[in-house]
Amino acid sequence: MATITIALMDPPYETETTTTAFRIIDAAVRKGHSVNVFAYEGAVNLTMADQAPHPDPVKGTSVEEQDHPTTKDWIAAMFKAADGRLDWVNCGLCVDERGAGNWIEGPRRGAPKDFVEWVEASDQTLVIPTK
Amino acid sequence: MGKKVLNILETGYRATVEEQDDTILWLSSMFKGAGLDVTLLLRANAVNYAVRGQDASGLRFGELEVAHPPEIDRDVEALLEKGVAVHYVSDDAVQRGIADSELVEGVKPISKRDLPGLLDQFDQVWHW
Amino acid sequence: MSKYLVIESRDPFDSADVQNLYELAGGLAEQADELTVFLVQNGVLPTRRGSAAAGQITALAQRVSVVADEFSLRERGIGRDALAEGVRVADVETLVDLLAEDGRKVLWH
C-alpha cells in the first residue's frame with residue numbers, strides 16, 4: 001500500500017476541484033492507502049467547524065429537507081472511514097489570515113516544512129492547484 | 001538523497017496584493033529553507049514575474065493604505081539569491097512581448113520544445 | 001525510464017493554457033516509457049466526438065493513453081458512445097492506482 005501526499009488550495013464552494021480531491025482521498029483510503037493532506041491557502045476553510053447548512057429558498061426546502069453536508073462533514077466522514085490512515089495539516093499562516101482556526105476534530109496545524117517531510121517520506125505527491 | 005522537485009507556476013498576480021507576495025514564490029522559498037531541492041519554472045502569464053520594475057504601490061481602501069505592496073521581481077531575485085534556479089518559458093515571454101533585457105538577471109530561458117527534457121530531470125513535478 | 005500521469009481538469013476552450021498542456025503531453029510522449037493523460041472535470045468536455053478539439057484528443061490518444069473520468073462524463077451527460085476515438089473511460093479508483101504506481105510522476109493542470 002502507498003502513502004500519498006496531496007496539497008490542496010481551493011476553498012469550499014468555489015470549484016469542482018474540491019469534489020475531485022475528496023473523491024481521490026476517499027478512494028485512496030478505501031483501497032488501503034495512507035493519505036496526507038496539506039491544506040494551503042483557501043483549502044484551510046474546508047475544515048471550519050462553524051460551517052452550517054441552510055434551507056434553500058429557490059427549492060423551498062428546509063435545512064432538514066436539504067440534508068446537505070458541508071465540506072467539514074465530508075472530511076469528518078473520511079477521517080472516520082480512514083481509521084488512522086488520513087493525516088490532515090492546515091497551513092498555520094493561511095489559517096491565521098483567514099480566521100479559520102476553529103476546525104473539526106482530526107486536522108492539525110502545521111507549516112510548509114510538514115509538507116516537505118511528507119514529500120520526502122511519501123510514495124507519491126499530488127499538488128492540486130487553484131486556478 | 002532528497003527528492004528533486006520542479007515547481008511550475010502558471011498563474012500570475014493571483015491575490016498578490018492581499019497576500020503582499022505571491023503564495024507560490026513564498027512557498028518555494030519555504031521549501032528551500034526546509035531543505036527541499038526545488039527549482040522554479042515560470043510559464044504562461046507568470047513569466048511576467050521575472051520582469052524588472054513591477055510596481056503595485058499606491059492602493060488605499062477607505063483610510064487604510066496598502067503599506068507593503070508585493071514586490072514580485074524582488075522576490076524572484078531573492079529566490080535566485082537563495083539558490084533556487086528559476087527558469088521561464090521563452091515562447092510565453094515572446095508571446096507577451098517581453099524582451100530578455102526586461103528580465104531580472106539570473107533567470108534562465110527554456111523553450112516549450114525543451115520542457116519534456118527539463119521535467120525528466122526531476123523526481124516530482126508540481127503544477128501550481 | 002520515466003512514467004507520467006498528466007491530469008487535465010480544464011476545458012481547452014476556457015483557457016489557452018490547456019493547449020500548452022496538450023503540447024507538453026505530446027512532447028513527453030516522445031521520451032517517456034508510459035504516459036497517461038487523465039481528463040477530469042471540464043477537462044472531459046473536448047472528448048465529445050463533435051467537439052472542435054476531438055481531432056486533437058484522438059491524435060493524442062494515438063500516442064499516449066487518454067482516459068476520461070467516468071463521473072465527470074456522466075455529470076456532463078456525455079455518453080460513452082459519444083466519445084472521440086481513442087478515449088477510454090475509467091473511474092477514480094483507476095486514477096488512484098496510477099497515483100500509487102511506483103516511479104510515476106504526476107502533474108495536475
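Residues numbered from 1 in each chain as written. Chains lettered and ligands numbered in written order. Predicted model: local features only at pLDDT ≥ 70, side-chain atom pairs only at ≥ 80, totals over all residues.

Asks: Even after reading the chapter, I still don't get the overall build of chain C, so can you show me in this structure?
Replies: A count of helices and strands for chain C gives 4 helices and 5 strands. Its helices and strands taken in sequence order, chain C reads β-α-β-α-β-α-β-α-β from the N to the C terminus. For chain C, the C-alpha radius of gyration of 13 Å lies close to 13 Å, the compact-globule estimate for 109 residues. In terms of overall dimensions, chain C has C-alpha extents of about 35 × 25 × 20 Å along its principal axes. The buried share of chain C, taken over its 109 residues, is 44%. Restricting to contacts in chain C with at least 6 residues of sequence separation, those with at least 24 account for 71%. (Helix = DSSP H or I, 4+ residues; strand = E, 2+ residues; numbered from the N terminus. Rg over C-alpha atoms; globule rule 2.2 N^0.38 Å. Buried ≥ 20, exposed ≤ 12 C-beta atoms within 10 Å, placed from the backbone. Contact = placed C-beta atoms within 7 Å.)

Asks: How do you make sense of the overall build of chain B when you look at a structure like this?
Replies: When you go through chain B residue by residue, the secondary structure sums to 5 helices and 7 strands. Across chain B, helices and strands are ordered from the amino to the carboxyl terminus as β-α-α-β-β-β-α-β-α-β-α-β. The C-alpha atoms of chain B give 15 Å as radius of gyration, which agrees with the globular expectation for 128 residues (14 Å, within 12%). Here the contacts in chain B between residues at least 6 apart in sequence split such that 73% fall between residues at least 24 apart.

Asks: Teacher, can you tell me more about the interface of chain A and chain C here?
Replies: One frequent convention defines the size of an interface as the accessible area lost when the parts assemble. Between chain A and chain C, the residue contacts involve 17 residues of the former and 11 residues of the latter. Listing elements by their share of the side of chain A that touches chain C, those giving two or more residues are helix 1 (17–30) and strand 5 (124–128) of chain A. The element that contributes the greatest number of residues to the side of chain A that touches chain C is helix 1 of chain A, accounting for 6 residues. Residues belonging to the side of chain A that touches chain C are distributed by class as follows: 9 nonpolar, 4 polar and 4 charged. (Nonpolar A, V, L, I, M, F, W, Y, C, P; charged D, E, K, R; others polar.)

Asks: Even after reading the chapter, I still don't get the interface of chain B and chain C, so can you show me in this structure?
Replies: Taken residue by residue, the interface counts 11 residues in chain B and 13 residues in chain C. Broken down by secondary-structure element, the contributors of at least two residues to the side of chain B that touches chain C are helix 5 (115–119) and strand 7 (124–127) of chain B. Broken down by class, the residue content of the side of chain B that touches chain C amounts to 5 nonpolar, 2 polar and 4 charged.

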